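Secondary and tertiary structure notes
Residue strings, one per chain:
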Amino acid sequence: MIELRTPAEIEAMRPAGRFVAETLATLRDETAVGTNLLAIDRRAHDLIRRAGAESCYIDYHPSFGASPFGKVICTSINDAVLHGLPHDYTLRDGDLVSLDFAVSIDGWVADSAVSFVVGTPRDEDLALIEATQTALAAAIAAATVGNRIGDISHAIAQVGHGAGYSINTDFGGHGVGREMHGDPHVANDGKPGRGYPLRAGLVLALEPWFLQSTDKLVTDPDGWTLRSADGSRGSHSEHTVAITDAGPIVLTDRSFLGVD
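Reading the values: the criteria
For every chain, the first residue of its written sequence is number 1, and the numbers climb from 1 along that sequence. For this predicted model, a pLDDT threshold of at least 70 governs which residues receive local features, and a threshold of 80 or more governs which side-chain atom pairs are given and counted, while totals over whole chains, interfaces and linings are taken from all residues. Heavy atoms from the whole structure form the basis of all side-chain values; hydrogens and water molecules are not counted. Strand pairing is assigned whenever DSSP identifies at least 2 bridges connecting the two strands. Secondary structure follows DSSP: runs of H or I at least 4 residues long count as helices, runs of E at least 2 residues long count as strands, and numbering of each begins at the N terminus. To define axes, lines are fitted to C-alpha atoms, for helices over the stretch in contact only, and angles between the resulting N-to-C directions are given on a 0 to 180 degree scale. Buried residues are those whose accessible area, probed at 1.4 Å on protein chains only, stays under 20% of the maximum for their type, while exposed residues exceed 50% and partly exposed ones sit between those limits. Two rings from Phe, Tyr or Trp (for Trp, the six-membered ring) form a pair when their centres are within 6.5 Å of each other. A pair whose planes differ by under 30 degrees is stacked, one over 60 is edge-to-face, and the rest are tilted. For a lysine, the NZ atom is tested; for an arginine, the CZ atom; a charge sits over a ring if that atom is within 6 Å of the ring centre and within 35 degrees of the ring normal. Any Lys or Arg side-chain nitrogen located within 4 Å of an Asp or Glu carboxyl oxygen qualifies as a salt bridge. Side-chain atoms within 4.5 Å link the members of a nonpolar core, which is a set of buried Ala, Val, Leu, Ile, Met, Phe, Trp, Tyr and Cys residues. Pairs of residues are marked as contacts when any of their non-hydrogen atoms sit within 4.5 Å.

Thoughts on the sheet that holds strand S3 (residues 80-82)
Taken in spatial order, the three strands of this open sheet run S3-S11-S10, and their pairing is antiparallel. Each end of this open sheet is capped by a strand with a single partner; those strands are S3 and strand S10 (217-219). Here the strands of the sheet are splayed against their neighbours by 45° on average, with no regard to which way each runs.

Some remarks on the sheet that holds strand S8 (residues 203-206)
With antiparallel pairing, the five strands of this open sheet are ordered in space as S7-S6-S8-S13-S14. Each of the sheet's edge strands pairs with one partner strand only, and the pair in question is strand S7 (182-186) and strand S14 (249-250). Across four bridges, S8 lies against strand S13 (residues 239-242) in antiparallel orientation. Bridged to Leu 206 within S13 is His 239.

Notes on unusual backbone geometry
The amide bond that connects Asp 183 to the next residue, Pro 184, takes the cis arrangement and shows omega of 0°. Of note, Pro 184 is situated in strand S7. Positive phi, normally seen in glycine, also occurs at His 83, with a value near 60°. Mapped onto the elements, His 83 comes out in the loop between S3 and strand S4 (96-105). Here Asp 106, not a glycine, exhibits a phi torsion of approximately 55°, which is positive. A relative accessible area of 68% places Asp 106 in the exposed class.

Quick notes on the packing of aromatic side chains
In this description, a pair of aromatic rings is defined by centroid distance and the angle of the planes. According to the stated counting rule, one finds seven aromatic pairs in the structure shown. On the numbers, 5.0 Å between centres and 90° between planes, the contact of Phe 69 with Trp 224 is edge-to-face. Linking Phe 69 in the loop between strand S1 (54-55) and strand S2 (74-77) with Trp 224 in the loop between S10 and strand S11 (226-228), this pair joins segments that are 155 residues apart in sequence. Comparing Phe 69 with Trp 224 shows no difference in burial state: the two are buried. Ring geometry for Tyr 165 against Phe 210: centres 5.9 Å apart, planes inclined by 25°, an arrangement best described as stacked. With Tyr 165 in the loop between helix H5 (149-162) and strand S6 (173-175) and Phe 210 in strand S9 (residues 209-211), this residue pair connects regions lying 45 residues apart in the sequence. Overall, Tyr 165 belongs to the buried group, its relative accessible area being 10%. A relative accessible area of 0% places Phe 210 in the buried class. Members of the aromatic cluster, connected to one another through ring pairs, are Tyr 57, Tyr 60, Phe 64, Phe 69, Phe 171 and Trp 224. Over the ring of Trp 108 we find Arg 178, and its NZ or CZ is 3.7 Å from the ring centre.

Examining the pattern of salt bridges
What the rule picks out here adds up to eleven salt bridges. A cluster of three or more residues bridged by salt bridges with shared partners is formed by Glu 30, Arg 43, Asp 46, Arg 49 and Arg 50.

Digging into the pairing of S4
The buried count for S4 comes to ten of ten residues, which makes it a mostly enclosed element. Looking at chain direction, S1 and S4 are connected through two bridges and run antiparallel. Across the sheet, residue Ser 55 finds its bridge partner in S4, namely Val 103. Across four bridges, the pairing between S2 and S4 is antiparallel. Bridge pairing in S4 places Thr 75 opposite Leu 99. The loop that links S4 with its antiparallel partner strand S5 (residues 108-117) comprises two residues; one of these, Asp 106, has a positive phi angle of about 55°.

Looking at the nonpolar core
Ranked by size, the top nonpolar core spans 27 residues in total, and within it Ile 152, Leu 204, Leu 206 and Phe 210 carry the most contacts. Looking at this core, the elements that each hand over two or more residues are helix H4 (123-142), H5 and S8. Ranked by residues supplied to this core, first place goes to H4 with eight residues. Among all residues touching Leu 204, those that are not within four sequence positions of it are Ile 149, Ile 152, His 174, Gly 175, Val 176, Pro 184, Val 186, His 239, Thr 240, Val 241 and Ile 243. Of all hydrophobic cores here, the second largest spans 25 residues; its members include Val 20, Leu 37, Ile 48 and Ile 105.

Below, the structure is given as structure tokens:
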């Protein structure tokens with residue numbers, strides 16, 4: 001069921017959005033060559049406890065997951081792009097890191113993701129990250145009253161295809177509110193003018209993710225981590241966005257912290 005939020009409810013979602021933004025900025029700043037993925041999860045868990053927030057991931061067990069997730073953040077590295085289950089891996093020079101993080105504060109959820117390189121970056125990795133960031137900006141710009149879900153999907157796809165990437169539509173954006181995943185699904189490719197009409201009060205997690213040379217995924221033995229089928233690298237960018245009559249509000253915006 002698609003739910004619309006009142007202006008007061010959107011305001012009530014701001015603390016969760018701000019905390020998610022601050023946490024991702026902190027984790028990005030602290031993550032470097034030599035950081036272990038389990039240390040990232042422990043740090044995120046500590047920040048959640050200090051804030052009195054509630055993880056959306058630790059008990060999460062959807063149909064596509066082999067078991068409850070058991071951690072509080074997704075850490076996807078290199079050819080992993082989604083749902084990366086933190087494990088005993090120490091980051092190496094040039095690793096492409098995607099962090100995806102969602103919490104609930106006072107019963108309201110915010111969800112966001114960021115990708116970056118630790119150490120010496122490859123040009124092709126920087127281009128891939130920039131493409132997902134540009135696609136996210138295009139998606140947000142299309143998230144206006146009077147447009148449709150397909151307009152958001154098309155905006156993402158124009159950027160992705162324009163940069164030469166193929167696009168998987170199995171996983172994408174979604175409604176967010178009292179729960180992390182709700183209706184409607186927002187595919188990362190679609191036709192403009194199609195789908196659910198965007199109305200004031202709709203809150204969406206918009207999340208373009210691209211792989212360098214495939215749109216096919218394989219699942220790790222952990223039952224969660226999704227990797228490219230050909231070993232090429234992936235990037236993931238995500239914000240929680242409220243659609244209002246005055247335009248989109250990015251609830252997980254990090255720009256006030258001086259980061260993208």
